[in-house]
Every structure is written in C-alpha cells, then in structure tokens.
Amino acid sequence: MLRDLGHAPYTPVWHAMQAFTDDRDEHTLDELWLVEHAPVFTLGQAGKPEHVLMPGDIPVVHVDRGGQVTYHGPGQLVAYPLLDLKRLKIGVRDYVCKIEQAVIDTLDEWNIGAARKEGAPGVYVNGAKIASLGIRVRRGRCFHGLAFNITNECLPPFARINPCGYAGLKVVALADLGGPTSIDAVKPVLIEQLERQLQQHFRVF
C-alpha cells in the first residue's frame, strides 16, 4: 500500500507508524508512507543532545529510531517503508543497503553519481550527504525510514546541528546538483526504485 501524506507534522506521523507496527499481524500488508514534514529536529534513541547546537525555534523530538540527530522540513522527501522484514526474509543490514541503493539508483536517473559510506548509513554525493537513514525494527517489522534532500530550502537548518553526529558534515540537495526542483517529480522515481529493491508493489491506498 502507498500512502502519500502530503505535508504533515512529525509527531502524529511517528505515533501512527508506531501504532501500525504494534497492531499489525502476519496478514497485514506492507505499506510505504511518503511525507513532507514541518520543520523538526529528531534525535535518535542513543542520540547525544550536544549534537543539537542551536535549535532556535525548531522543535527537538526524541524518537525511537537509531542514529543521532537529523532535520526534517519542507523541501525534503521522507519515505517510511513499513515492512515485515521477517516475512520478506530480509536482514537488517541487507535492508539498509537496499534502501540506500534505491536512492543511489534514483539519483542515477538524473546522471548524478552517489555512493554509500562504510559505517555512516545514508547516501552521499562527492562526500556531501543527500539522504539520511534511520530505522527501528520491532518483532521483525521495521518503521522510520529515509529523508531525501530535494530542494535547498531544507538545507540551512542543518547548520544548527551536527548532522548524524558528525561536526562539519556537508549536506546537499538534489536541485543543487542539476536534478528536479519539485518533490512531485522525484516521488515516482523513488517509489519505483524502492519497489525494485524490496520486490514490492506499493499501489495507492
């Protein structure tokens, strides 16, 4: 199932993901949620508050995913695959690689070369991070997901944090690399690549 949530605040979507994961059973269909969040910093369950440098007027939410601190906001496409990894016979490490590869292949659509980095989940272009990844697996079922920088509107708040716990980490947006300036132009490509990697078909619900 594919759910396009449009623009939505972070916390209600997070709680909905938790509820979906807790309530599902072996017959529940997997879903993919797409959303563009209102501005928020999220700090992972082992995240260090000192990586939040100057939050200012942007709220900081402590969440139950892995990883350190990141930013979500307008101009960024967030995708939440809600999958039964046990049923799909996909291990956590393999799942992370598949999500990263879907972003890498999406960028290739616009002839942008990207790569993963050992020990630092996400996708990078010339050393600058274009997509962040943070997940949680509960009883073999995953939630949270990836955040893909599309327009440079989403970039300035990253200067208020150490992105993913790395001081001075550069971030970049797709539009600044010659890609589309519209999230709607990226969605179908990312969906197709996620479907290919996960061997799923996320029809609209």
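All of these numbers come straight from a predicted model, not from anything done at the bench.

Asker: In this structure, what is going on with the overall build of the chain? I would like to understand it.
Answerer: Of regular secondary structure, the chain possesses four helices and 10 strands. Written out in order from the N terminus, the α and β elements of the chain read β-α-β-β-β-β-β-α-α-β-β-β-β-α. For the chain, the proportion of its 205 residues judged to be buried stands at 56%. Of the roughly 9,200 Å² that the chain leaves accessible, carbon and sulfur atoms contribute 53%.

Asker: Would you mind going over the packing of helix α3 (residues 92-108) against helix α4 (residues 183-198) with me for this structure?
Answerer: The axes of two packed helices give the description: the angle between them and the distance between them. One can describe the packing of α3 onto α4 by two numbers: an axis separation of 8 Å at closest approach and a directional angle of 140°. For the element pair α3 / α4, the angle class is oblique. The hand of the α3/α4 crossing is right-handed. Contact residues: α3 offers Y95, K98, I99, Q101, A102, V103, D105 and T106, while α4 offers V186, V189, L190, Q193, L194, R196, Q197 and L198.

Asker: Looking at this structure, how should I read the pairing of strand β10 (residues 141-149)?
Answerer: For a regular strand, side-chain orientation follows a simple rule: the groups alternate between the two sheet faces. Taking burial as the measure, the nine residues of β10 include nine buried ones, the bulk of the element. Counting the residues in the hairpin turn of strand β9 (residues 128-138) and β10 gives two residues, including R139, whose phi is positive at 55°.

Asker: Where do I start with the packing of aromatic side chains in this structure?
Answerer: For any two aromatic rings, the description comes down to two numbers: the centre-to-centre distance and the angle of the planes. By the definition in use, this model includes four aromatic pairs. With centroids separated by 6.2 Å and ring planes inclined at 35°, the aromatic side chains of Y10 and W14 adopt a geometry described as tilted. Remark: W14 and Y10 occur in helix α1 (residues 10-23); sequence separation between them is four residues, near one turn of the helix. A residue is classified by how much of its surface remains accessible, and Y10, at 4% relative accessible area, is buried. Members of the aromatic cluster, connected to one another through ring pairs, are F41, Y71 and F158. In this arrangement the basic side chain of K117 is found over the ring face of Y124, its NZ or CZ atom lying 4.3 Å from the centre.

Cut-offs and rules
Residues numbered from 1 in each chain as written. Predicted model: local features only at pLDDT ≥ 70, side-chain atom pairs only at ≥ 80, totals over all residues. Heavy atoms only, no water. Helix = DSSP H or I, 4+ residues; strand = E, 2+ residues; numbered from the N terminus. Buried < 20%, exposed > 50% of the residue type's maximum accessible area, 1.4 Å probe, protein only. Areas by Shrake-Rupley, 256 points an atom, 1.4 Å probe, with all protein chains shown as cover. Axes fitted to C-alpha atoms, helices over the stretch in contact; angles between N-to-C directions. Parallel < 35°, antiparallel > 145°, perpendicular 65-115°, else oblique. Left-handed = near helix turned anticlockwise from the far one by under 90°. Contact = heavy atoms within 4.5 Å. Pairing = 2+ DSSP bridges. Phe/Tyr/Trp six-rings, centres within 6.5 Å; stacked < 30°, edge-to-face > 60°. Lys NZ or Arg CZ within 6 Å of the ring centre and 35° of its normal.

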